[in-house]
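Remarks on the overall topology
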Number of protein chains: 2
Amino acid sequence: MQPIAVDVMGTDNGPTQIVAGARQAAEDLGIPVVLVGRPDALADTGSLEVVAASEVIAMGEDAASSVRRKKDASVVRAAELVRDGKASAMVCPGNTGAAMGSALLRLGRLPGVSRPAIATPLPVPGSTPTVLLDAGANAECQPGWLVQFAQMGAAYAAGRYGITTPRVGLLSIGEEDTKGSDLVKEANALLRNAAVWEGSGGTFVGNVEGRDLLSDRLDVVVTDGFTGNVVLKTLEGAMGFMRRAVVGALTATEEAAQASQHVLPLLVPLAAEMDPDSYGGALLLGVDGVCIISHGSSSSAAIVNAVRAASELVEQGLVDRLRRSVKG
Amino acid sequence: MQPIAVDVMGTDNGPTQIVAGARQAAEDLGIPVVLVGRPDALADTGSLEVVAASEVIAMGEDAASSVRRKKDASVVRAAELVRDGKASAMVCPGNTGAAMGSALLRLGRLPGVSRPAIATPLPVPGSTPTVLLDAGANAECQPGWLVQFAQMGAAYAAGRYGITTPRVGLLSIGEEDTKGSDLVKEANALLRNAAVWEGSGGTFVGNVEGRDLLSDRLDVVVTDGFTGNVVLKTLEGAMGFMRRAVVGALTATEEAAQASQHVLPLLVPLAAEMDPDSYGGALLLGVDGVCIISHGSSSSAAIVNAVRAASELVEQGLVDRLRRSVKG
C-alpha cells in the first residue's frame, strides 16, 4: 500500500499534534505515512518522509479562491500525491472547504456523481455508528443528489462497518412520506424506487426524525448539507453540554465530589465511546480517492484514528464500492 | 381574566392527565380554567366548567382537512372561545397541526404577519431558556418570514423572560455572513437592518451554529421550520440518550449501583432543569391570541406549567407585544 498523506499545516494549533499522531500511526500500527508541509516548520518527524509544500491554507481562509491560488499549499499537494498514485489516501485536519476543494480539483468526481458529500459517523454506544451525510459540503441540494448521498452512504457503511444491508433513513420532520420540505418529499419518492439500491446493497427505511440519529435501528441518515451540519453541531454541543453538566453536578460541592470519586470512572468508557475523535473523522464521499477531513483541533489520538481509518478504507476498496453504488 | 381553555381530547393517552393538570392549575395556583371536550369522556373534573365539543382530532389525523371538517372538534372550539372573548388563551396537547390550523382559522393572523411560527423554549440550566423558532410550523420559508420570526421571538423573550434587549441569532453553518443556504444569506442581510428591530427591542448577533443553542449568549434562535423541528428533536433525542446512558453506566453492575446510590440524587436537579415539561410547551406566535401547543404525551405537571405560562403570557400582554414587534 502506498503511504497515507497527512497534511500537517492547516490547523490553528500548529503541526505538533498532527505530526505526533502520524508518527504514532506509523510506529505503533505500522501504517506507512508521508507528511506534507513546510519542512522548516516541522520537528520530531522521526523517520517519516516529508513532502515539501511551501504554502498553507489557514482555517479561516476562503477555500475556493485559496485552493486555486495556492498551488503549493500542503492540502493541494496531499491531493496530488493521491492523484499521482504516490499516496493511497489523504488525511487533512483544518479548513474543511480547502480539503474538499483540493480533493475535487485534483482527484475529480467519481463517474456519475453530481456532488461529493461529507459523511460523518455519529457514535452510537453499543452499536456501529450512524453515518450522517451530507454533513456540510452542499448547503443547497437537489433531490437527485440526496439519492446519490444515500447510495454512497450505504456503500460506505457496508464496507467500513461490515453491514450486509445498511438501513438508510431520510431526515425529515415526521415519519410520513407526505411530511417535510419539498426537497425531502421529492427525495423520498426517488428513494422508494428499489432500482436505486442495486449498486450499494442498502435499503430505504423511510423518513426518520432527529431523535432517531443515535438509535441502533439505522445505519445511514441522509440530508442536505445545511441541515446535516446544523444537526452535527447541535449534537456535538448537546453532548459537550451534558458532559460538563453531569461532571459539574457530581463535583459541585466537596461532599458531592467525595461521594462521586468512585463513580466518575464509571462514566469514562461512555465518554470515550461518545468522543468523535474515536471515529477517524469525516470522509469526503464521491471523489476519486480516499479523503478524510479531521477537525482543526484534532489531538494526536484523533490523527492516529484518522490514519487507521484511511488505511482500512483503502484496503476495503472504498472507492470501488462507491463507484458501483452510484452507477447502480 | 377570562379562563384558560384547555383542550382535553386530542392526546393518544386520553384526558386523565390533562384534566388532572388543569384541575391542579385551578386549585393550587388559582388560575381560572375551562375544559373543552366530550363531557361523557371526562371524570374527576372537580368544579371546572366543561364546554362541550362532540368531535376529536386525533394525533395522527391530517390536520388541514380535519380542522375544516370537524367544526365541533374540541381544539376548534377552544380557539373559538378565545376568538369570542370567553377564554383568554388556549392550551392544546396533541395534534400540533390541528392546534395551528384551529388557531389560524379562528383567531386569524396578527396584522402584517405572513406566517405564524412555533416558538419552543430550550432549557439552559443556570440561565433563561433560548427561544427556538420556527420549531415546525413552516417547512418551507422565505427570508422575510424569518425576519418576522426574529421580531416575534425577540418580543416573546422580552415579555416572557424580562430580557431588555433579547439577543437574536440566525441558525447557520458558520458564523460568517457569507455562509449558509440562500435563505440564510438573504435573511442575514435583512436582519442586519436596524429598522427591523424597532418594534421588538431585539438585537441581531449574527449567524450562530448548532453548538450555540444551549449557550447563555443567546436569547432567541431563528430558523426555518424544517431545520428547527429537526434540531428540536435531535436535542430531545440526545438529551434522553445521555440521561439513559449516564444512569445505565452508573447502575450497570451491582457494585456500580451500590457506589452510585448517593450520587444519582445529585443529578435530579439537572434532569429537572433539562426537562422540556418544565417550560410550558411551545407557543404559536403570530395569531391573534395566546395558543400553547403541548406534547401529546404531556404529564399533568406539563399541563400545569402550560396553563401557568398561558396565564402569565396573557397578563404580560404578549399579543400586543407581538403586534408591535412586527409592525415596528
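Higher on the page you've got the structure.
Residues numbered from 1 in each chain as written. Chains lettered and ligands numbered in written order. Predicted model: local features only at pLDDT ≥ 70, side-chain atom pairs only at ≥ 80, totals over all residues. Heavy atoms only, no water.

Section: the relation of the copies chain B and chain A
Defined as follows: All copies are superposed by least squares; the fitting set is the C-alpha atoms of residues with a pLDDT of at least 70 in both. In this description, contact between two residues means that some pair of their heavy atoms is separated by no more than 4.5 Å.
Between chain B and chain A, the superposition needs a rotation of 180° and an axial shift of 0.0 Å, giving an RMSD of 0.0 Å. Such a combination of turn and shift is consistent with a two-fold rotation axis. Most of the interface of chain B is mirrored in chain A, where 100% of its interface residues again form contacts.

Let's talk about the packing of aromatic side chains
For any pair of aromatic rings, the description consists of the separation of the ring centres together with the inter-plane angle of the planes. Residue and element names in this part refer to chain A. In plain terms, the rule: Stacked, tilted and edge-to-face are the three classes assigned to paired rings of Phe, Tyr and Trp, where Trp is represented by its six-membered ring and a pair needs centres within 6.5 Å; plane angles under 30 degrees give stacked, over 60 edge-to-face, the rest tilted. Note on classification: 1.4 Å probe, protein chains only; a residue is buried when its accessible area is under 20% of the maximum for its type, exposed when over 50%, partly exposed between these limits.
A full pass over the atoms with the stated rule returns four aromatic pairs over all chains. Pairing Trp 197 with Phe 204 gives two aromatic rings, centres 6.5 Å apart and planes at 15°, and the pair type is stacked. Here Trp 197 matches Phe 204 in class, with each residue buried.

Regarding the pattern of salt bridges
Residue and element names in this part refer to chain B. Using the following cut-off: For this document, the term salt bridge refers to a Lys or Arg side-chain nitrogen within 4 Å of an Asp or Glu carboxyl oxygen. Strands here are runs of E lasting at least two residues and helices are runs of H or I lasting at least four, both read from the DSSP assignment and numbered beginning at the N terminus.
Counting across every chain of the model gives 38 salt bridges over all chains. With a shortest N-O distance of 3.0 Å, Arg 167 and Asp 219 are connected by a salt bridge. With Arg 167 in strand β7 (residues 167-171) and Asp 219 in the loop between β8 (203-208) and β9 (220-222), the pair connects residues that are 52 residues apart, well separated along the chain. What makes Arg 167 partly exposed here is its relative accessible area of 30%. According to the relative accessible area criterion, Asp 219 is buried, its value standing at 3%. Here Asp 320 ties to Arg 323 by a salt bridge, and the two come within 3.5 Å at their closest N and O atoms. Within this pair, Asp 320 and its partner Arg 323 are both found in helix α11 (residues 318-327), separated by three residues, close to a single helical turn.

Here's the deal with the environment of Val 75 of chain B
All names here are of chain B. Turning to its location among the elements, Val 75 is positioned in helix α3 (residues 74-83). Separated by 76 residues in the primary sequence, Val 75 and Gln 151 place their C-alpha atoms 27 Å from one another. Discounting residues that sit within four places of it in the chain, Val 75 has contacts with Asp 7, Ile 57, Met 90, Cys 92, Ala 98, Ala 99 and Ser 102.

Looking at the pairing of strand β4 (residues 89-93) of chain B
All names here are of chain B. Defined as follows: In this scheme, strands are said to pair when DSSP sees at least two bridges between them.
Extensive coverage of β4 is indicated by the burial of five of its five residues. Alternating positions in β4 separate into two faces, Ala 89, Val 91 and Pro 93 on one and Met 90 and Cys 92 on the other, with burial throughout. Of the strand pairs in this sheet, strand β1 (residues 4-7) and β4 are connected by three bridges, and their pairing is parallel. Its bridge partner lying in β4, Ala 5 is registered against Met 90. Strand direction decides the pairing type here: β4 and strand β11 (residues 290-294), joined by five bridges, are parallel. By the bridge assignment, Cys 92 is partnered in β11 with Ile 293.

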